[in-house]
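Single-letter residue listing:
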Amino acid sequence: MEPAAGGRCHECDPNGGFPLDDGVLVTRARAGDLEAYNLLVARHTASAYRTAVLLGAGSDSEDVIQEAFVKAYRKLSRYRGDASFRSWLLAIVANETRNLHRSRGRRDGLVLRAAAADPTSEVAEDDAVGAVLAGERRASLVQALRQLPVRDREVIVCRFFLDLTEEETVKTLGWPRGTVKSRTSRALAKLRSLLDREEVRHG
């Protein structure tokens, strides 16, 4: 953690000087410490924004994450700590994005323009998808992802674009673990098939 100007770390315990973990910040925020919640917002804004963009919020991503942070604050009493605060928050972001799709009347929503535009996207090094993320194949990957059913796209985004663990994906999407496992496997098989067709088409 980089110290702030003057040598003080904004996210550190003033008594010990060590970065505060999310659990401590959540406890303080529940007790009415707005600065603690502001630290949580600052710490997780990038992940929340990236999630909203990858799940198709597009130009409305800022609004989605602002609403998600407001709802998360109101629901802090419901956070039990059985999952990471990050995955709990991203579940709220995912739900807000789904609400956005419904309000737009576009239930087939996962638009992955951000994946094509951002060459520095952090993607899990999985053999099934890692090899296809090199520069010239990124467009083909995004095109193939757009052809997948919505739920297949959601699980691919969570596992390989957002680099969520299986447990975090369960919490984020609200699916049973078995569903995450089976859908991930099927979605990767469909994705490989679509990419193979793209290769044949383009020689």
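First, a word on scope: everything that follows refers to the structure included in this document. (Residues numbered from 1 in each chain as written. Predicted model: local features only at pLDDT ≥ 70, side-chain atom pairs only at ≥ 80, totals over all residues. Heavy atoms only, no water.)

1. Let's talk about the pattern of salt bridges
1) Next: Tallying each qualifying case throughout the model produces ten salt bridges.
2) Next: The salt bridge partner of Asp22 is Arg43, with a shortest N-O separation of 2.6 Å. Of this pair, Asp22 sits in helix H1 (residues 22-30) while Arg43 sits in helix H2 (residues 34-54); the two residues are 21 residues apart in sequence, bridging distant segments of the chain.
3) Next: For Asp22, a relative accessible area of 17% corresponds to the buried category.
4) Next: Notably, a salt bridge pairs Lys190 with Asp152, separated by 2.7 Å at the nearest N-O pair. You can see Lys190 sitting in helix H10 (residues 177-202) and its partner Asp152 sitting in helix H8 (residues 150-161), a full 38 residues away along the chain.
5) Next: Via salt bridges that share partners, Glu166, Glu167, Arg177 and Lys181 belong to a single interconnected network. (Salt bridge = Lys/Arg side-chain N within 4 Å of Asp/Glu carboxyl O. Helix = DSSP H or I, 4+ residues; strand = E, 2+ residues; numbered from the N terminus. Buried < 20%, exposed > 50% of the residue type's maximum accessible area, 1.4 Å probe, protein only.)

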